[in-house]
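What follows is each chain in one-letter form.
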Amino acid sequence: MENTLLLNWFIELALLAPLASFIVCFFIPDRYSWAVPILANLFLLISAISSFCIFLTMPAHETYLLQFDWFRMHDYTLQANLELNRLSVIMLPLVSGISFLIHLYSIGYMAGDSGIKRYFAMLGFFTFSMLGIVLSDNLLLIFIFWELVGFSSYLLIGHWKEKPEAAKAAQKAFLFNRIGDAGFLVGVMIIWSNTQTLNLNDILSVKEIASWQTIASLCIFCGVIGKSAQLPLFTWLPDAMEGPTPVSALIHAATMVAAGVFLLARIFSLFTPVALIIVAITGSLTAFLAALFALHQFDIKKILAYSTISQLGFMITAVGTGSESAAMFHLVTHACFKACLFLGAGSIIHALHQAQQQTHQSNDVQDIRTMGGLRKKLPITFLTFLLAAASLSGIPFFTGFLSKDSVIGGALTWGGQEFSWKLIILMMVVATSFITTLYSFRMVWYVFLAKENGETATVVESPWIMRLPMLILALFSIWLVVSWNPFMVTGWVSTFVGKLPHHNFTTILSTGVVSLGLAAGWLLYARQSAPKSALFLQRAFNLDSIYKKLFGQPTLHLATALKRIDRHWIDGVLHFVAFSNASFAHLVAWFDRHIIDGSVNTIAWTAGLVGTFTRSFQNGKIQLYIFWAVAGLIIFLFFLLI
Amino acid sequence: MMFPAEHLLYLSALLFSVGMMVMIVKQNTIMMLLGIELLLNAANLNLVAFNQLHPGLLTGQMFALFVIVVAVSEAAIGLAIVLRVYKYYQTSVPGEVNELKD
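Keep in mind the model is a prediction, meaning the values are calculated, not measured. (Residues numbered from 1 in each chain as written. Chains lettered and ligands numbered in written order. Predicted model: local features only at pLDDT ≥ 70, side-chain atom pairs only at ≥ 80, totals over all residues.)

A. The arrangement of the overall build of chain A in detail. Each helix and strand counted, chain A has 24 helices and four strands in total. What you see for chain A is a C-alpha radius of gyration of 37 Å, clearly larger than the 26 Å of a compact globule of 642 residues, by over 25%. Structurally, chain A occupies a C-alpha span of about 150 × 65 × 55 Å along its principal axes. In chain A, which comprises 642 residues, the proportion classed as buried is 48%. Looking at chain A alone, contacts between residues at least 24 apart form 81% of all its contacts between residues at least 6 apart. (Helix = DSSP H or I, 4+ residues; strand = E, 2+ residues; numbered from the N terminus. Rg over C-alpha atoms; globule rule 2.2 N^0.38 Å. Buried ≥ 20, exposed ≤ 12 C-beta atoms within 10 Å, placed from the backbone. Contact = placed C-beta atoms within 7 Å.)

B. Structural view of the overall build of chain B. Along chain B, the regular secondary structure elements total three helices and zero strands. In sequence order, chain B lays out its α and β elements as α-α-α. Computed over the C-alpha atoms, the radius of gyration of chain B is 17 Å, more than 25% above the 13 Å expected from 2.2 N^0.38 for a compact globule of 102 residues. Each of the three principal axes of chain B carries a C-alpha extent, and together these read 50 × 25 × 25 Å. Of all 102 residues assigned to chain B, the portion counted as buried reaches 13%. The contacts of chain B with a sequence gap of at least 6 include a subset with a gap of at least 24, amounting to 50%.

C. Here's a closer look at the interface of chain A and chain B. Chain A puts nine residues into the contact, and the matching count from chain B is nine residues. Residues belonging to the side of chain A that touches chain B are distributed by class as follows: four nonpolar, four polar and one charged. (Nonpolar A, V, L, I, M, F, W, Y, C, P; charged D, E, K, R; others polar.)

D. Molecular detail of the environment of A:Trp464. Looking at the element boundaries, A:Trp464 is found in helix α19 (residues 464-475). For A:Trp464, a count of 10 C-beta atoms within 10 Å puts it in the exposed group.

E. Geometry of the nonpolar core. All names here are of chain A. Counting residues in hydrophobic clusters, the biggest one holds 192 residues, and the most contacted among them are Val261 and Ala339. Looking at this core, the element that brings in the most residues is helix α14 (residues 324-359), giving 18 residues. Excluding residues that lie within four positions of it along the chain, Val261 makes contacts with Ser228, Leu312, Met315, Ile316, Val319, Ala327 and Leu331. (Core = buried A, V, L, I, M, F, W, Y, C linked by C-beta atoms within 7 Å.)

Shown next, in the form of structure tokens:
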């Protein structure tokens, strides 16, 4: 009994501490804004500690419900329960932990920013919404938190709102998410109309496969495409890099974009085989193409953004191939190393920016062509970045290797032994893993190892408050954290995410692919002094302009046509109606003035006339009075006598 | 010598009519007072004329005398009023003293 009470406390603390952080940071008076980073960090520390306590005390394979009723409609009660299950137990410390580390990092990165109150408030709000998604057991509640996550992401991308690119990117992210979320909402409605419940456990307990499940799950997958930046709605994510780098690390790498994958894993049993095939195809295509695009970027944050899309595609493929456990595993490892990579990129940008301010240069501080040789200047950043990049490219002895291995293993199991089209997906996954190694090598080489450009002479390492989170996250890239065996997952992970597929063949295959990638990278890049790029791939197949031509301009044309119709026909009808109305009113006014007023006036005029006439007898002339008196007398006598 | 009463009555009617006309037509207040005197005299004439029908009685003549006395006092008061009116309005034209109008 005491144990459950404690657990309740932990859940509420973990969820509500970030919300409290949001409220405090938002409403604190401006003169106390120096306290905002400290307060926000304290709140997030509370949340992270509670999450880890839950993680440590919660027995595996058990679910725990914290029930309360939200509202009643007629005889239906909507429950807003908080549920702890094996997925949320692992997501809780992941989200709040990384969020805390990024809060810590932001103290250094955002120091001196004018909007620091807004920034920390929104980070807190985002963390709250994300934890809400993780803990909810109700589709409607998940949808609400899902939207809140999108909203806070919008605000954080547009944090530097005076920059037009940032404002545009924020709008784009919001719009693209809306497109996907429309699908999500339709999916929720389909599920409601078929099962009369939104409770996830009730929905998932439906055993027989019905045809609506395919449509419903694909609709929800639409939302996932938007949120997790899959083909064809991925172009918002590279643009979202306009936001502050810690935000990119938290939202656009580690947590928010992973919400889609989490949702897929959560409602996995709803998916029918047909839906899963579509999921797998989308995921693998995204993974492959985004990796190709990443290979041709110059902007360090864009490389990481496309890499994120590619890795998300990996996870989606894993879900599609039926091993949602591998997807969750990859989500966890990816969150750690990608957050670390982004923080490293942020540290580089921060350091270069500081150096530029001293030497009054104004190069693009995010362009990898202006970097090079930063190995000696930024040793800690180099170390952490290297560890995380190794994990990303899937080199053995790192977590990324293990998780990627299980994804490929899942695809292999799904593809089966005989030759079929399913092998194409497997091949694409393997090819993606090859390209991943290649672009990781390219990035690390040109940033840290290549010859110095001479512009980085005054660069100094970032402060400790930024190095500490990077070091912690880099530690989580080492295989020991998830498994004792560097080649096969054994240990606590599989008790949380489920049984992970493993083939000895894939271990050998991916080791081979990675070493091939490294060799290719060495051959391709080590001799070039500057990176090259194909413009077509750098711009992601010009998808943005295609979207503009395909959807933007027809919409504009349609709008112009509609405007014309509006002006000519609708306005015309309106004007005609108004005109006839006015004419009729004039007619009525004439009738009113002449007939009705006329009759009244006539009566009044007659009365006046009679009055004037009678009044004329009363004119004050005594003689006339006498005259009339006599005349009256005469008339009287006349009638009396005759 | 006795005039027939009939003739006296005609004279009286004529006198009355003339007095009335004078009172209505004349543009002078004093002339109007004169008209009133004529009316009173017409009435006196009637009183005297009808007394013929009762010989031995002098009631008609007595009344006529009273009327003459009253007429004198009336004329005195009337003239005084006319004077006051003239002093106040600076006119004795009856048509211009029309404050009774309102």
